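Single-letter residue listing:
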Amino acid sequence: MKKIINNSNDVVKEMLQGMEKASPQIRYIKEHDVIVRTKKADKVAILSGGGSGHEPAHGGYVGYGMLDAAVAGNVFASPGADAVVKGIEAVDAGKGVLLIIKNYSGDIMNFQMAKELAEMDGAQVEYVVVKDDVAVPDSTYSAGRRGIAGTVFVHKLAGAKAEAGGTLAEVKAVAQKAIDNVRSMGTSMASCVLPGVGKAGFTLGEDEIEIGMGIHNEPGLERTTMKRADELAKILLDRVLEDYDYSGSEVAVMVNGLGGTPLMELYILYNEVEKILSRQGITVYRSLVGNFMTSLEMPGCSLSLLKLDSEMKELLDAPCSTLGWTQFHV
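Now for a quick tour of the structure. Being a predicted model, the structure only gives us computed values, none of them experimental. (Residues numbered from 1 in each chain as written. Predicted model: local features only at pLDDT ≥ 70, side-chain atom pairs only at ≥ 80, totals over all residues. Heavy atoms only, no water.)

Another point: the pattern of salt bridges. Going through the model one piece at a time under the given rule, you end up with 22 salt bridges. A salt bridge links Glu 311 to Lys 161, with the shortest nitrogen-to-oxygen separation between them at 3.3 Å. Taken together, the residues Glu 311 in helix H8 (residues 310-317) and Lys 161 in helix H4 (residues 151-163) connect sequence positions 150 residues apart. The salt bridge involving Arg 183 is made with Asp 243; its shortest N-O contact spans 2.7 Å. You can see Arg 183 sitting in strand S7 (residues 182-188) and its partner Asp 243 sitting in helix H6 (residues 229-243), a full 60 residues away along the chain. By relative accessible area, which is 29% here, Asp 243 ends up partly exposed. (Salt bridge = Lys/Arg side-chain N within 4 Å of Asp/Glu carboxyl O. Helix = DSSP H or I, 4+ residues; strand = E, 2+ residues; numbered from the N terminus. Buried < 20%, exposed > 50% of the residue type's maximum accessible area, 1.4 Å probe, protein only.)

Following this line, the structure appears as structure tokens:
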């Protein structure tokens, strides 16, 4: 597998160095693989993170209107609790810190441990856990549903609430509301290849896809034959709509590429998703199509739906400026 790297042992550090150089809004704490905002903001701070390989998540969402810090583990591996503590210390402005954690066992353990350690030093820390993947109720990697691309919506809404001056309790409540109202489902056409491993983690046939694939090569619901875009849209959307009642509501839709799927195909899929939603009386308020939470170079995609109310629409429309998501006030 060909990759544009120097040494497989250095990919995370060199990536984070590149991110720092690409944006004046962020700086890289080299000793702990933490990306933080260049200037500490006088507000509730929001920190997320996890294994690398999902870019632009999570360092790409550090900046105005979203995260204050992101802690990077090795590829597909949780960062250590000590690194999370350093991230908390770097961004805590005295108004509290919210940790946004994806539901994987290593992340849960290390972020919760970091919370306890930071609180021993006087910090005020709360956390929420994102588990938007409807593909499986449980997995080898998590107790309960996995956290996937819907996490980006949580970053956006919580970040906007914090930027508007919300208290720690208010920011946490918005983050939890986003979690409660978002569902996601993914599919993959092939395995990704980890740097240094040099071979795929699994094999799919030429005309085979896996429905419900996770973002770390975790198995999904089933393997089936390759589908047309309209068929795939129905499969993914049916699962999401069966899990949560979106009827008659306004939604934000994210069609997320996993790293190896052309935008042409993602827009074709979104076109089919919008048709189905329209027929069912579900109004698309905002749509995002692109690479928001990837799995290295995996060919595939995920679909996320976020049910909106007036507060969430306002926060979704609020300005933000990060490497992974930048918008003026809509």
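Once you've had a look at it, read on.
So, on to the packing of aromatic side chains. Taken as a whole and assessed by the stated rule, the structure comprises two aromatic pairs. Their ring planes at 75° and their centres at 5.0 Å tell us that Tyr 244 and Tyr 246 sit as a pair that is edge-to-face. For Tyr 244, a relative accessible area of 21% corresponds to the partly exposed category. Measuring from ring centre to ring centre gives 6.4 Å for Phe 292 and Trp 325, while their planes differ by 65°; the resulting arrangement is edge-to-face. With Phe 292 in the loop between strand S11 (283-290) and strand S12 (300-307) and Trp 325 in the loop between strand S13 (320-321) and strand S14 (326-327), this residue pair connects regions lying 33 residues apart in the sequence. The pair Phe 292 / Trp 325 is uniform in exposure class, with both members buried. One residue, Lys 156, lies across the ring of Trp 325, its end atom 6.0 Å from the ring centre. (Phe/Tyr/Trp six-rings, centres within 6.5 Å; stacked < 30°, edge-to-face > 60°. Lys NZ or Arg CZ within 6 Å of the ring centre and 35° of its normal.)

Interpretation note: all reported values are geometric properties and have no functional meaning in isolation.
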